[in-house]
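Secondary and tertiary structure notes
What follows is the residue order along each chain.
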Amino acid sequence: DRQPQYVAFFEIVETSRRYMKAVTAIEPRWLTIVGSDLCTDSAPLEQPMPVYDPKKDAIFCFVRTTFGPRRWELPHRKLPYPSEKKTEIVRHFARLLLSGKIVKALGEFCPYLSIRPASLVNPILPRKAKRFLSTLTKGEGVKTLSQLLELWQKDPKFLLDEYLELVQWQKQDRLKSMWP
């Protein structure tokens, strides 16, 4: 038997030793649900990198959470990326799009990219990535698959030229033939 990481108790009784009465083991994630007012979340962590949730069609990040006035550290939590960080969301959306995590069919081109998808979230962008990223950041920015599909419905060639610049020439015809 291993000791629980967290417990809740009714009272502490002191005799020759201290004892907790009415003790129950609790899962750390429960504290974020029932005690959310006492939780403090960090800014989005760089590692693990944000992920795309296809069911919610959103970019999620991981945060470090502390609980209570003593700031007990809880396991990292996965939360929707803060909406006020539009540029960061678009950069991660672009990274995940190039990685094939948003549109699975584009994953076949990942080995033929002239840049690493992760480089899109670096402070200094590769020259070739600037046009790709600037196209996605125009206006409100493309942050979801539904927004991208809407843009493709209006203009089926949206982002194609920018994507082609990043793909090795021997795979460009294949990309053109299957572009939405």
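The structure under discussion appears in the preceding block.
These figures come from a predicted structure and were not determined experimentally.

The rules behind the values
- Residues numbered from 1 in each chain as written.
- Predicted model: local features only at pLDDT ≥ 70, side-chain atom pairs only at ≥ 80, totals over all residues.
- Heavy atoms only, no water.
- Helix = DSSP H or I, 4+ residues; strand = E, 2+ residues; numbered from the N terminus.
- Rg over C-alpha atoms; globule rule 2.2 N^0.38 Å.
- Buried < 20%, exposed > 50% of the residue type's maximum accessible area, 1.4 Å probe, protein only.
- Contact = heavy atoms within 4.5 Å.
- Areas by Shrake-Rupley, 256 points an atom, 1.4 Å probe, with all protein chains shown as cover.
- Lys, Arg positive; Asp, Glu negative; His and termini not counted.
- Charge placed at Lys NZ, Arg CZ, Asp CG, Glu CD.
- Axes fitted to C-alpha atoms, helices over the stretch in contact; angles between N-to-C directions.
- Parallel < 35°, antiparallel > 145°, perpendicular 65-115°, else oblique.
- Left-handed = near helix turned anticlockwise from the far one by under 90°.
- Patch = residues over 30% accessible without salt bridge, like charges linked within 9 Å, V, L, I, M, F, W, Y side chains within 5 Å.
- Salt bridge = Lys/Arg side-chain N within 4 Å of Asp/Glu carboxyl O.
- Core = buried A, V, L, I, M, F, W, Y, C linked by side-chain atoms within 4.5 Å.
- Expected span 1.5 Å × (residues − 1).

This next bit is on the overall build of the protein chain. Counting its regular elements, the protein chain contains six helices and eight strands. For the protein chain, the α and β elements follow one another from N to C terminus as β-β-β-β-α-β-β-β-β-α-α-α-α-α. For 180 residues, the compact-globule estimate of 2.2 N^0.38 gives 16 Å, and the C-alpha radius of gyration of the protein chain, at 23 Å, exceeds that figure by more than 25%. Seen through its principal axes, the protein chain has C-alpha atoms that stretch 80 × 35 × 30 Å. Considering the protein chain as a whole, with its 180 residues, one finds that 37% of them fall into the buried category. The long-range fraction of contacts in the protein chain, counting pairs at least 24 apart against all pairs at least 6 apart in sequence, stands at 49%. About 11800 Å² of surface is accessible on the protein chain, with carbon and sulfur atoms providing 52% of the total. In the protein chain, 30 side chains carry a positive charge and 20 a negative one; their mean positions are 4 Å apart.

Quick look at the packing of helix α2 (residues 86-98) against helix α3 (residues 127-137) now. Here α2 crosses α3 at 120 degrees, and the two axes come no closer than 10 Å. The pairing of α2 with α3 is recorded here as oblique in orientation. The chirality of how α2 crosses α3 is right-handed. Judged by residue contacts, Lys86, Val90, Arg91, Ala94, Leu97 and Leu98 of α2 engage Phe132, Leu133, Leu136 and Thr137 from α3.

Right, let's get into a nonpolar patch on the surface. A cluster of nonpolar residues, Val7, Phe9, Ile12, Met20 and Val23, forms a patch on the protein surface that exposes about 420 Å² of accessible area. Take Met20: it is sitting in strand β3 (residues 18-21).

In this structure, Leu97, Phe132, Tyr163 and Leu175 are the most contacted members of the largest nonpolar core, which totals 36 residues. For this core, the elements supplying multiple residues, two or more each, are β7 (58-67), α2, α3, α4 (145-154) and α5 (160-164). The dominant element in this core, judged by the number of residues it contributes, is α2, at seven residues. For Tyr163, the residues in contact, after removing those within four places along its chain, are Leu97, Leu98, Leu106, Leu113, Phe132, Leu175 and Trp179.

All right, on to α2 then. Because each turn of an α-helix spans 3.6 residues, side chains separated by three or four positions in sequence point in the same direction. End to end, α2 covers 18 Å across 13 residues, agreeing with the expected 18 Å (1.5 Å per residue, within 8%). Counting buried positions along α2 gives ten out of 13 residues, so the element sits mostly inside the fold. Residues Ile89, Val90, Arg91, His92, Phe93, Ala94, Arg95, Leu96, Leu97 and Leu98 constitute the buried set of α2. Buried residues belonging to α2 abut β6 (51-53), β7, α3, α4 and α5. Downstream of α2 by one or two residues, Gly100 has phi in the positive range, about 80 degrees.

So, about the pattern of salt bridges. With the rule as written, the count across this model stands at nine salt bridges. For Glu11, the salt bridge goes to Lys21, with nearest N and O atoms at 3.7 Å. Of the two residues, Glu11 sits in strand β2 (residues 11-14) while Lys21 sits in strand β3, which places them ten residues apart along the sequence. Among the residues examined, Glu11 registers a relative accessible area of 32% and is labelled partly exposed. Given a relative accessible area of 41%, Lys21 falls into the partly exposed group. Of the charged contacts, one joins Arg174 and Glu108 as a salt bridge, the two residues approaching to 3.0 Å between their closest N and O atoms. On the criterion of sequence distance, the pair formed by Arg174 in helix α6 (residues 172-178) and Glu108 in the loop between α2 and α3 is long-range, its members being 66 residues apart. Judged by its relative accessible area of 39%, Arg174 falls in the partly exposed class. Using a relative accessible area of 33% as the deciding quantity, one classes Glu108 as partly exposed. A network of salt bridges, in which partner residues are shared, links Arg131, Glu162 and Glu165.

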